[in-house]
Amino acid sequence: QVQLVESGGGLVQPGGPLRLSCTASESIFNIYQMGWYRQGPGNQRESVASIISTGGTYYSASVKGRFTISRDNAKNTVYLQMNNLKPEDTTVYYCEAISRGFDYWGQGTQVTVSS
């Protein structure tokens, strides 16, 4: 079972940057896919960005060009660099890992974009 711990959330002004981290309890070298989702109150969980073991990436249209996902296998960590943040990016962000046919989730980290 893979445990995921997110960090890096917080309060940031519009236009500012923030970097989220997701550290896994085991080596991510063999984890097929890791990604970030977000979910506001009453909303469905939305895929934001993902990265597969070969390095391929996916971004939702709403964040493409502003967010960058990366993985550091040596640190068992996936990052989400968020630039030019907007108030509509405010919500809880969750890390996901797909490994050996199972889906694992972190506890979530709050991101608030406000002046």
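What counts, and at which threshold
Residues numbered from 1 in each chain as written. Predicted model: local features only at pLDDT ≥ 70, side-chain atom pairs only at ≥ 80, totals over all residues. Heavy atoms only, no water. Helix = DSSP H or I, 4+ residues; strand = E, 2+ residues; numbered from the N terminus. Rg over C-alpha atoms; globule rule 2.2 N^0.38 Å. Buried < 20%, exposed > 50% of the residue type's maximum accessible area, 1.4 Å probe, protein only. Contact = heavy atoms within 4.5 Å. Areas by Shrake-Rupley, 256 points an atom, 1.4 Å probe, with all protein chains shown as cover. Lys, Arg positive; Asp, Glu negative; His and termini not counted. Charge placed at Lys NZ, Arg CZ, Asp CG, Glu CD. Pairing = 2+ DSSP bridges. Axes fitted to C-alpha atoms, helices over the stretch in contact; angles between N-to-C directions. Salt bridge = Lys/Arg side-chain N within 4 Å of Asp/Glu carboxyl O.

## Side note on the overall build of the protein
In step 1: Helix and strand counts for the protein come out as zero helices and eleven strands.
In step 2: Starting at the N terminus and walking to the C terminus, you meet the elements of the protein as β-β-β-β-β-β-β-β-β-β-β.
In step 3: Over its C-alpha atoms the protein spans a radius of gyration of 13 Å, differing by no more than 12% from the 13 Å that the globule rule assigns to 115 residues.
In step 4: Taken over 115 residues, the protein has a buried fraction of 43%.
In step 5: Intrachain contacts of the protein at a sequence separation of at least 6 include 53% that bridge at least 24 residues.
In step 6: Of the accessible surface of the protein, which amounts to about 6000 Å², a share of 48% is contributed by carbon and sulfur atoms.
In step 7: If you average the places of the 9 positive and of the 8 negative side-chain charges in the protein, the two averages end up 5 Å apart.

## Quick notes on the sheet that holds strand E7 (residues 67–72)
In step 1: Strand order in the open sheet formed by four strands is E1-E3-E8-E7, with antiparallel pairing between adjacent strands. At either end of the open sheet lies a strand with only one pairing partner, and these are strand E1 (4–7) and E7. Pairwise comparison of adjacent strand axes, ignoring direction, gives a mean angle of 15° for this sheet.
In step 2: Inspection of the sheet shows E7 paired to strand E8 (residues 77–82) by six bridges, in the antiparallel sense. Pairing of Ile69 across the sheet is with Leu80, part of E8.

## Some thoughts on the pattern of salt bridges
In step 1: Tallied over the entire structure, the rule returns four salt bridges.
In step 2: In this structure, the salt-bridge partner of Glu26 is Arg100, at a minimum N-O distance of 3.1 Å. Linking Glu26 in the loop between strand E3 (18–24) and strand E4 (33–39) with Arg100 in the loop between strand E9 (91–99) and strand E10 (102–105), this pair joins segments that are 74 residues apart in sequence.
In step 3: The class of Arg100 is exposed, set by a relative accessible area of 57%.
In step 4: Overlapping salt bridges, with partners in common, bring together Arg38, Glu46, Arg66 and Asp89 in one network.

By themselves these figures say nothing about function.
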